[in-house]
Each structure stands twice: as structure tokens, then as C-alpha cells.
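# Secondary and tertiary structure notes
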Amino acid sequence: MAQHKVTLIPGDGIGVETSAAMRRVVEASGVDIVWDVAPAGAACVETHGTPLPRETIESVRRTKVAIKGPVATPVGTGFRSVNVALRKELDLYACLRPVRSLPGAGGRYDDVDLVIVRENSEDLYAGVEFEEGSEGARRLIELCEEEGAGSIRPDSGISIKSISVTASERIVRHAFEYALERGRKKVTAAHKANIMKHSDGLFLRVARDVAKEYEGRVAFDERIMDACCMNLVMDPTQFDVIVFPNLYGDLASDLAAGLVGGLGLAPGANVGEEYAVFEAVHGSAPDIAGQNKANPTAQIMSAAMMLDHLGETDAAARIRRAVCAVYAEGAHLTGDIRRASGSAGAPATCTEFTEALVAALD
Ligand code: NAD
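Looking at an unreviewed UniProt entry, one finds the protein named Isocitrate/isopropylmalate dehydrogenase family protein, with Gordonibacter massiliensis as its source organism. Looking at the protein in UniProt, the text filed under Sequence similarities (unreviewed entry) is "Belongs to the isocitrate and isopropylmalate dehydrogenases family."

Here it is as C-alpha cells:
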């Protein structure tokens, strides 16, 4: 049996609990993994003087594969997002988020099966910004006036939305290749090209061009982002693979998680040519952190994606079957799922849920 080296970044808040649960389930599945536990997040600012220590990035460069818990990012002030920095540092340009109904999990629908492919490297989400009143903001405001690009109030803070041909082409191609590999039938590109002609307009133009290369093999469809949100809520079954620029993909991920029972269930992967970092969609959930209430399903399903990536497809399938069995049986559901499904009974702790999952492994 092959031995794998994987970097484990527990992160902040409930990340510590969900990472321990994930590790317990992966180890119980019999896969041989040597974990290189590495720090990141708000908690490690005190110990390491930075939320993303060099040693953590170096660990991922060595192992090439990581699984991470969420990290808290201060709102408005403080350090920039560790996630954005990690994705940039390792060129993890594609974010893949499968969204599937899980019977017994209290989703709004029982037949959702779609995949969100989110561009991970640019757009407003890259955090290229000028503080209000700064020299940079002043020069940019002047330039907009000079170029006739439009007027910006002088007391504005400015975040830059840039979308390139390079990044759009590789993310749309990634979506089509993913669809081909998995036998999926359609890729939808979501955009606001009607309003932002030079950023989303470029994304759409590139998407249409790339789609032509796949004609006859994978269908192509396009949707304006606001309508896409309504369509997702009213009939998610019309979607298969949806490719988004960065920010819309971030928002649509939480919306889609809400369709199938909530953030506790939504797994994900950030991938590039060389490295892959697997992580749940949810954040550090400070409201329930340290209380053994977190639902570890999202991180455990992220681990199943990681096991597929490592070629351990049998263990990944066994973990997915065990997750389905625990939800179908319904005796060990965490509080978030009890609320979403309106099911009676005391909520299971994160530990109880995890042990039920281990017991259900075939
Ligand atoms: P959140 O996802 O942490 O929480 C939103 C709500 O969902 C909360 O009520 C929380 O209790 C619940 N929830 C989330 N995951 C859950 C789980 N596994 N089980 C049960 N309930 C769960 O979003 P937030 O409160 O907006 O963000 C908190 C922090 O997390 C912020 O600092 C934010 O920047 C960070 N964040 C990090 C990541 C990441 O590292 N990938 C992603 C999103 C948010």
C-alpha cells in the first residue's frame, strides 16, 4: 500500500475540531498518510508573528497536497486573507466545489448535483486596493477623469476588479476538461457582462471561444449572475458545471450549500498545475468554536476529494458511503442539520457524529 505525505493545516475556530474528525475518519479508512501538521491563521499570529508562516508554504511545496481548516480573516482592518495569499503563492487557480443532495440532511431539494468551478486568482477578490485619501486612490481618480472612464468621488476607497484573458481561459478550459473527465454534459458561464463590459465581458468572450473547442462534446450555456442566483434557488437541477469569476463563485458557493442543507456539508478543493489544497467552503464559525458542535462533514468530504486526487479512490468511496449511511439513519446528526431538516432528537456532538461515521465504514 502506498504511503502519502499530506500537509494538515487545522486553522482557526472549528477548524481544530473538524480537522481532528477528518483525520480520525481518514485513518480509520486504512489509508497510510503521514501528516505534516502546519500552522496558519489568526491563532498563529501570536506564536509566529504572521498568519501564514513560511514553513507552512514550504511544507505544501514539499508534500504537494494539503488539507486545511478555515482561517479567520479580520473584517475591515488587520492582515489580508491567508486563503488569498496561499492560493496566490501556490498558484491554485481553480476552486472546485461539488454540491450534492444528501438524503436526510435537510436540503431544500433532494436531486441537486452540480459543480461550482470558481476562478481563484483575480477579480475583486484578489484584494488589490487603495485606501480612501491615499496617494494611489487620488492618482487613480485623476486618471479615470482624464481617460473619460467615469468619475469617482474623491473620498472613495477603491478595490480593483481585473479579469485577464490568461486566467479566464485557463479556468474555463479547466471547467470543460473537468466536465469531460467526469461525464458531465454542460458548462454554464455566469457573468455580469451587460454592466462590466471590460472585465466580465472579457470573461464571457473568452468562455464562448473556449466553448467552441468542446462543441459536440460538452454543451455551453451562459447566464447573467443575478438571474443565475434566482435560477439556482428555483431549479438547481438545470445546472451541471457552472464556471464563475472569483467573487461570484464565492457567493454562489454559500448559496448552493444552502440548497443542500448548509455550510456543514459543502466540500471543496483549490487546485493548480502542481499543488492541491482541499478545504471546506465554510469559515471558522466563531459562534460555535470550541464547543464540540461543528459538523465535520464538509471537511471529511473534502478529504474524500483529496483521496481521489491521491489515487485512493476505494477509500474515498467508502467514506462517502459511510457519510450517506449516517445521514440516512439519522440518529447522529449535528445541530446544524437537525435545524435544517427540522428533525427531532438531541443534536450529536462533532465527536459522536465522527464515531458514528467510523462505525459505518464498510
Ligand atoms: P462561517 O462559515 O464561519 O459561519 C457562518 C454560519 O454557519 C455560522 O452560524 C456557523 O456557526 C455556521 N457553520 C459554518 N460551518 C459550520 C459547520 N461545519 N458546522 C456547523 N455550523 C457551521 O462564516 P463567517 O461567520 O462569515 O466567518 C467566520 C470567519 O471565517 C471569518 O473570519 C471569515 O473570514 C472566515 N472564513 C474563512 C474561510 C476559509 O478559511 N476557507 C471561508 C469562509 C470564511
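### Here's the deal with the site of the ligand
As a structural note, the neighbourhood of the ligand is formed by 21 residues, with Pro70, Ala72, His282, Gly283 and Asn295 the closest of them. Class assignment of the residues belonging to the shell around the ligand gives a composition of 10 nonpolar, 8 polar and 3 charged.

### As for the packing of helix α1 (residues 15-28) against helix α10 (residues 297-309)
To describe two helices that pack against each other, one gives the angle between their axes and the distance between the axes. The N-to-C vectors of α1 and α10 enclose an angle of 45 degrees; their axes lie 8 Å apart at closest approach. Classified by the angle their axes make, α1 and α10 are oblique. In this structure, α1 crosses over α10, and the sense of that crossing is right-handed. Counting all contacts with α1, which are made through Thr18, Ser19, Ala21, Met22, Val25 and Val26, the residues of α10 involved are Gln299, Ile300 and Ala303. Tallied by class, residues from the contact of α1 with α10 come to 6 nonpolar, 3 polar and no charged.

### Describing the environment of Leu255
Turning to its location among the elements, Leu255 is positioned in helix α9 (residues 246-259). Residues Leu255 and Val233 lie 22 residues apart in sequence; the distance between their C-alpha atoms is 8.0 Å. If we ignore the near neighbours within four places in the chain, the residues touching Leu255 are Cys229 and Leu232.

### A closer look at the domain arrangement of the protein
When cut into domains, the protein gives domain 1 (1-107 + 262-362), domain 2 (109-114 + 163-260) and domain 3 (123-161). Its C-alpha centre places domain 1 at a distance of 37 Å from the equivalent point of domain 3.

### Here we look at the sheet that holds strand β8 (residues 186-191)
The mixed open sheet is built from 10 strands, whose spatial order is β2-β1-β3-β12-β11-β4-β5-β10-β8-β9. Both edges of this open sheet fall to β2 (32-37) and β9 (219-224), since each of them pairs with a single strand only. Strand after strand, the sheet turns through a mean of 25 degrees between neighbouring axes, direction not considered. Two elements, strand β5 (residues 113-119) and strand β10 (residues 241-244), share 4 bridges in a ladder whose sense is parallel. When the sheet's bridge partners are listed, Val115 is paired in β10 with Val241. Helix-sheet contacts for α9 involve β4 (94-100), β5, β8 and β10, and the interaxial angle to β5 is about 155 degrees.

Criteria and cut-off values
Residues numbered from 1 in each chain as written. Predicted model: local features only at pLDDT ≥ 70, side-chain atom pairs only at ≥ 80, totals over all residues. UniProt positions renumbered as here; feature names shortened; annotations may be inferred. Near = placed C-beta within 6 Å. Nonpolar A, V, L, I, M, F, W, Y, C, P; charged D, E, K, R; others polar. Axes fitted to C-alpha atoms, helices over the stretch in contact; angles between N-to-C directions. Helix = DSSP H or I, 4+ residues; strand = E, 2+ residues; numbered from the N terminus. Parallel < 35°, antiparallel > 145°, perpendicular 65-115°, else oblique. Left-handed = near helix turned anticlockwise from the far one by under 90°. Contact = placed C-beta atoms within 7 Å. Domains from an automatic or database assignment. Pairing = 2+ DSSP bridges.

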